Amino acid sequence: MRRSLLALGISLACTAWISCATKTELSGVWKTDSAQARTMKKILVIGIAENDINRRSFEDHFAVALEEHGADAVPSYHILPNPDRLSKESIEQAIHGRGIEGVVVTRLVQIDERQEYVPPKTYVSPNYYGRGMYGYYGRSYEVTHTPGYTINTTIVRLETHVYDASSAELVWAAHSETFNPKSIDDGVASVTRKLSKRLAADGFTPGK
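Residues numbered from 1 in each chain as written. Predicted model: local features only at pLDDT ≥ 70, side-chain atom pairs only at ≥ 80, totals over all residues. Heavy atoms only, no water.

K.L.:
It is not clear to me how the sheet that holds strand S1 (residues 23-31) should be interpreted in this structure. Could you clarify?
P.N.:
Sheets are built from strands paired through backbone hydrogen bonds, the pairs being either parallel or antiparallel. Read from one edge of the open sheet, six strands run S1-S8-S7-S4-S2-S3, paired in mixed fashion. Lying at the two open borders of the sheet, with one neighbouring strand each, are S1 and strand S3 (72-75). Looking at each pair of strands side by side, their axes are set apart by 25° on average, direction ignored. One ladder, built from five bridges, connects strand S2 (residues 42-47) with strand S4 (residues 102-118); its direction is parallel. Paired with Gly47 across the two strands is Thr106, which belongs to S4. This element, helix H5 (residues 184-201), spans S1, strand S7 (149-164) and strand S8 (170-179) of the sheet and lies at about 35° to S1. (Pairing = 2+ DSSP bridges. Helix = DSSP H or I, 4+ residues; strand = E, 2+ residues; numbered from the N terminus. Axes fitted to C-alpha atoms, helices over the stretch in contact; angles between N-to-C directions. Contact = heavy atoms within 4.5 Å.)

If you want it as structure tokens, here you go:
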């Protein structure tokens, strides 16, 4: 079910399995081998979201994660306050004269919810601690029953693109999958940490 993007999408995913651990994996990572590939000291962070509060939350988390790897990150709502009017022209105008070298754009691709039923099982366990011959034979085996249960898995898939600000050329891209986020902040923190770490490893942020 898709009712919104980014943080709101993650909030929907949280209802599926509150007690699970949150992890994020990256797939389809691509980076350019052209001259446009360079370390970006100042980056504009844009989260595409229908809800402005969620947009701001995502951008703040991503900015903090990028700064942990040596970049000066600017959430777009600081200089692009109206999310309904984001366009190539408005972005170019906003970054002009601010020293911004890269633009990161993230959007929701899909929320995938799955259910897996694990059937009940019966285990027969040997027990050798009965007292006396009759007690031994009477308790030689103990039967344990486990009921069936359902495993709910929710995967939030996002797409992230990085552009060189001077040329508007795409220089890096990746898809991310965040599994069973416990909360909005938990899910957003997981994906932004993973993306920022990979961007640093690929040489797009200064690193520390």
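K.L.:
I would appreciate a short explanation of the layout of surface pockets in the present structure.
P.N.:
To find leftover empty space, a probe the size of one water molecule is rolled over the atoms. Taken as a whole, the largest pocket holds about 210 Å³ of empty space. Lining the largest pocket we find 13 residues, and of these Lys88, Ile91, Glu92, Val103 and Ala168 sit closest to its centre. Breaking the lining of the largest pocket down by element, the ones donating at least two residues are helix H3 (88-95), S4 and S7. Its residues assigned to classes, the lining of the largest pocket comprises seven nonpolar, three polar and three charged. (1 Å grid on protein atoms, 1.4 Å probe; cavity = no way out; pocket = protein on both sides within 12 Å on 5 of 7 lines; lining within 4 Å. Points joined across faces, edges and corners; volume = space filled by probe spheres on them. Nonpolar A, V, L, I, M, F, W, Y, C, P; charged D, E, K, R; others polar.)

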